[in-house]
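What follows is each chain in one-letter form.
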Amino acid sequence: MNRQRAIPCVLMRGGTSRGPYLLADDLPRDSAQRDSVLLALMGSPDALQVNGIGGGQPQTSKVAIVSRSERDGCDVDYLFAQVEVLEARVDTKPNCGNMLAGVGPFAIEAGLVEPRGATTTVRIYNVNTGARIDALVQTPLGRVTYDGDEAIAGVAGTAAPIPLTFRNFVGAKTGSLFPTGSARETIEGVTVTLIDSAMPMMLLDGRDIGLGNLETAIAAASTPALFERTESLRLVAGSRMRLGDVSKSVIPKVGLLFPSQSESIEVAYLTPWALHKSLAVTGAIAIATACSAANTVATDIVRGMSESLSIRHPAGSMNLGLERGEGSLVGAVVMRTARRIFAGEAYVPSCHYEE
């Protein structure tokens, strides 16, 4: 008999993403078995994910796995899992800064962190990248509140602010800011910057591949031609960044940069086989780092940058507060919000737990 297993589950919106937040203890320890459970939970592979709780889009097919941390200076460990919609594959290489926004509230309400006054700082270790992030959660009367006046592009309405301060984000995957040793180089005749800061990325001026501006890039994303071109460049970039064959990996991500009349810079962020409807937080940090460094593709385009950076994206704009030390970017603060949507049990066929 094919019974089902119940998994305690909290569905949350984190930033502009959404997915289940789970305790690591409620999942198999073996990574292959865990991934099988996550695929069944989300309903992949299937374009609609109708047999699971995924939303049929990369931004709604994400999972946050949280546990109490044993690392000095950290409260919880956070493992992010990108569950592919159309493939039976789970990618735990990248981080997701949007889902990260829900980790602090989830950890407090799960009893992993005690609330401390009107606001509680939750110190988060990202298992995917080794980065440390501090999340400031609103906890008046000793309880998490989600109500507030903070609005972020890509999300309707307002909610309580959750400032996220990122640290130790340089070279998390490759060991260096510029894995090839150069701030700019050429791939197939296109000048690119290959950077590893919060997220390994390939950055290029969108005009160099025939896109006039952000609106042109958004329109081009509805056709396969754009992704055929960027994927050809990305495969070479992945090899140069010592990431190996990235044909089935979501990293490095792709940032198509454009000058802006209203913000510091504009970007079309590719995930990498689709256009992100807004902008990933980790991608924004990589772009901010490139804007702060010397001789990158971004420094040719950015304007009006000082202690903050404003990035225009398809859904609006994202602002980052920048902390510098010894001539380089050492910290980035991003304002996000989160919302607890439901809590209960999700069911997975027990065959996914079998050896």
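In what follows, the structure referred to is the one given above.
Note that the structure is a prediction, hence the values are computed from the model and not measured.

Reading guide: rules and limits
- Residues numbered from 1 in each chain as written.
- Predicted model: local features only at pLDDT ≥ 70, side-chain atom pairs only at ≥ 80, totals over all residues.
- Heavy atoms only, no water.
- Helix = DSSP H or I, 4+ residues; strand = E, 2+ residues; numbered from the N terminus.
- Rg over C-alpha atoms; globule rule 2.2 N^0.38 Å.
- Buried < 20%, exposed > 50% of the residue type's maximum accessible area, 1.4 Å probe, protein only.
- Contact = heavy atoms within 4.5 Å.
- Areas by Shrake-Rupley, 256 points an atom, 1.4 Å probe, with all protein chains shown as cover.
- Lys, Arg positive; Asp, Glu negative; His and termini not counted.
- Charge placed at Lys NZ, Arg CZ, Asp CG, Glu CD.
- Core = buried A, V, L, I, M, F, W, Y, C linked by side-chain atoms within 4.5 Å.
- Pairing = 2+ DSSP bridges.
- Phe/Tyr/Trp six-rings, centres within 6.5 Å; stacked < 30°, edge-to-face > 60°.
- Lys NZ or Arg CZ within 6 Å of the ring centre and 35° of its normal.
- Salt bridge = Lys/Arg side-chain N within 4 Å of Asp/Glu carboxyl O.
- Expected span 1.5 Å × (residues − 1).

Peer 1: When you look at the overall build of the protein in this model, what are you seeing that I'm missing?
Peer 2: When helices and strands are counted, the protein shows six helices and 17 strands. In terms of C-alpha radius of gyration, the protein reaches 20 Å, essentially the compact-globule figure of 20 Å for 355 residues. In terms of overall dimensions, the protein has C-alpha extents of about 60 × 45 × 35 Å along its principal axes. Taking all 355 residues of the protein together, the buried fraction comes to 56%. Contacts in the protein between residues far apart in sequence, at least 24 positions, make up 63% of those at least 6 positions apart. A total accessible area of about 14,400 Å² is found for the protein, and carbon and sulfur atoms account for 47% of it. Across the protein, the centroid of the 32 positively charged side chains sits 1 Å from that of the 36 negatively charged ones.

Peer 1: For this particular structure, what's the right way to read the nonpolar core?
Peer 2: Note on soluble globular proteins: their nonpolar side chains tend to be buried together. Counting 67 residues, the largest nonpolar core has Val76, Tyr78, Phe166, Ile287, Ile311 and Leu320 as its most contacted members. A per-element tally of this core places helix α6 (residues 281–292) first, with eight residues. With residues near it in sequence (within four places) discarded, Phe166 still touches Asn95, Gly97, Leu100, Arg132, Ile133, Val281, Ile285, Val330, Gly331, Ala332 and Val334. Listed in part, the 23 residues of the second largest apolar core include Ile187, Ile209, Val254 and Leu256.

Peer 1: It is not clear to me how the pairing of strand β15 (residues 316–325) should be interpreted in this structure. Could you clarify?
Peer 2: In summary, the side chains of a regular strand alternate between the two faces of the sheet. Note: strand β14 (residues 308–313) against β15, six bridges, orientation antiparallel. By the bridge assignment for β15, Ser308 is matched with Gly321. Two elements, β15 and strand β16 (residues 328–336), share six bridges in a ladder whose sense is antiparallel. Within the sheet, the bridge partner assigned to Gly321 lies in β16 and is Val333.

Peer 1: Whenever I open this one, the packing of aromatic side chains confuses me. Can you help?
Peer 2: Any two aromatic rings considered together are summarised by their centre-to-centre distance and by the angle between their planes. Evaluation of the coordinates by the stated rule reveals one aromatic pair. Between Tyr21 and Phe106 the ring centres are 5.8 Å apart and the planes differ by 45 degrees, which places this aromatic pair in the tilted class. Placement of the pair is Tyr21 in strand β2 (residues 17–23) and Phe106 in helix α3 (residues 103–109), with a sequence separation of 85 residues. Judged on exposure class, the residue Tyr21 and its partner Phe106 are both buried. Against the face of Tyr353 rests Arg5, its NZ or CZ located 4.2 Å from the ring centre.

Peer 1: For this particular structure, what's the right way to read the pattern of salt bridges?
Peer 2: As a working rule, side chains carrying opposite charge can pair if their charged atoms are close by. Going through the model one piece at a time under the given rule, you end up with 14 salt bridges. Of the charged contacts, one joins Asp77 and Arg71 as a salt bridge, the two residues approaching to 2.6 Å between their closest N and O atoms. Looking at Asp77, the relative accessible area reads 11%, which means it is buried. A network of salt bridges, in which partner residues are shared, links Glu215, Glu266 and Arg312.

Peer 1: I tried to follow the environment of Met318 on my own but got confused; where do I start?
Peer 2: Note on placement: Met318 falls in strand β15. Separated by 269 residues in the primary sequence, Met318 and Gln49 place their C-alpha atoms 30 Å from one another.

Peer 1: Before we go on, may I ask you to explain unusual backbone geometry in this structure?
Peer 2: Note on backbone geometry: most residues besides glycine have negative phi, and most peptide bonds are trans. Residues Ser44 and Pro45 are joined by a peptide bond in cis, for which omega reads 0 degrees. Within the secondary structure, Pro45 is located in the loop between α1 (31–42) and β3 (62–68). The peptide bond linking Thr271 to Pro272 adopts the cis configuration, its omega dihedral lying at 10 degrees. Structurally, Pro272 is set in the loop between β13 (265–270) and α6. One non-glycine residue, Arg242, lies in positive phi territory at about 65 degrees.

Peer 1: In this structure, what is going on with α6? I would like to understand it.
Peer 2: Side chains of residues three or four places apart in an α-helix project in the same direction, reflecting 3.6 residues per turn. For α6, spanning 12 residues, the distance from its first C-alpha to its last is 17 Å, which sits close to the expected 16 Å at 1.5 Å a residue. The buried fraction of α6 amounts to 12 of the 12 residues, a majority that puts the element mostly inside the structure. Considered for burial, the residues of α6 that qualify are Val281, Thr282, Gly283, Ala284, Ile285, Ala286, Ile287, Ala288, Thr289, Ala290, Cys291 and Ser292.

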